[in-house]
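Inside the fold
Each chain, written out:
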Amino acid sequence: MRQALKELDLNIVDMSDQNATLDGGDVLFTGREFFVGLSKRTNQRGAEILADAFKDYAVSTVPVTDGLHLKSFCSMGGPGLIVIGSSEPAQKALKIMQQMSDHRYDKLTVPDDLAANTIYMNLPNKGHVLLHCTPDEFPDSAKVFEKLKDHMLIPVSNMEKAKVDGALTCCSILINKKAKV
């Protein structure tokens, strides 16, 4: 991974503090700010290192009391749109995020927390694209995504990844960089 990021000429920050932990599944970048879930896999020191690396953005921490990490029940569904699960812990986390932020985000609440783990992309010639769970996995949540009329919706199965606590965002790194052609 390090080599691939170097080849893209991206800045790499090493966490040299042995006590710091930061799981990508606990980092939600909204395009304006970062929310970092404090969970079994991410601690305050990890959030502080992230804040040091991205000084131009606000970094707020959110306690994750239920679920593996922050993205177990939320993700970005588009610019200014947070997809959030309907469970009490998910809604509590959303409330904390809303209190910590100066920006007012729109929200799309889905019945199933795990279905809130989506991948949003704004692609040339395609526009808003959202990868989300399949109707076979979460039929009620899949119906909610259909409300996003301005998005190209692509259902992606997560059944195999879910067996090892994986989700859609676990298998992706989104890089906003123009390809050299």
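An unreviewed UniProt entry lists the protein chain under the name Dimethylargininase, with Esox lucius given as the organism. The record in UniProt for the protein chain states the following under Sequence similarities (unreviewed entry): "Belongs to the DDAH family."

Bringing the overall build of the protein chain into the picture now. Each helix and strand in the protein chain was counted, giving 5 helices and 9 strands. When the elements of the protein chain are put in sequence order from the N terminus, they spell out α-β-β-α-β-β-β-α-β-β-β-α-β-α. A compact globule built from 181 residues should have a C-alpha radius of gyration of about 16 Å, and the protein chain, at 16 Å, falls within 12% of that. Principal-axis analysis of the C-alpha atoms places the extent of the protein chain at approximately 45 × 45 × 35 Å. Accessible area for the protein chain stands at about 10900 Å²; split by element, carbon and sulfur atoms hold 51% of it. Averaged over its 21 positive side-chain charges, the protein chain has a centre that lies 4 Å from the centre of its 23 negative ones.

Below, the discussion takes up the nonpolar core. One finds Leu70, Phe73 and Cys74 to be the most contacted residues of the largest nonpolar core, which totals 15 residues. Secondary structure elements with two or more residues in this core: β4 (74-78), β5 (81-85) and α3 (88-100). By residue number, the principal contributor to this core is α3, which donates 4 residues. Filtering out sequence-adjacent residues up to four positions away, Leu70 remains in contact with Gly25, Asp26, Leu28, Phe35, Val36, Gly37, Val62 and Val64. Listed in part, the 12 residues of the second largest apolar core include Leu108, Ala116, Phe145 and Leu148.

Each value, and the rule that gives it
- Residue numbering note: each chain is counted from 1, following its sequence as written.
- Residue-level local features of this predicted model are given only where pLDDT is at least 70; pairs of side-chain atoms are given and counted only at 80 or more, and the full residue set underlies all totals for whole chains, interfaces and linings.
- Here the side-chain values reflect all heavy atoms present in the structure, with hydrogen atoms and water set aside.
- UniProt positions are given in the numbering used here, feature names are shortened, and annotations may be inferred rather than shown by experiment.
- Secondary structure elements follow DSSP: runs of H or I of four or more residues count as helices, runs of E of two or more count as strands, with numbering from the N terminus.
- For this measure, only C-alpha atoms enter the radius of gyration; the expected value for a globule follows 2.2 Å times N^0.38, where N is the number of residues.
- Reported accessibility uses the Shrake-Rupley method at a 1.4 Å probe radius. Residues are deemed covered only where the shown protein chains occlude them.
- For the charge count, each Lys or Arg is scored as positive and each Asp or Glu as negative, with His and the chain ends excluded.
- Charged side chains are reduced to one point each, which is NZ for Lys, CZ for Arg, CG for Asp and CD for Glu.
- Buried residues of nine kinds, namely Ala, Val, Leu, Ile, Met, Phe, Trp, Tyr and Cys, make up a nonpolar core once their side-chain atoms join them within 4.5 Å.
- Using a 1.4 Å probe on the protein chains alone, a residue whose accessible area is under 20% of its type maximum counts as buried, one over 50% counts as exposed, and one in between counts as partly exposed.
- In this analysis, two residues are considered to be in contact whenever any of their non-hydrogen atoms come within 4.5 Å of each other.

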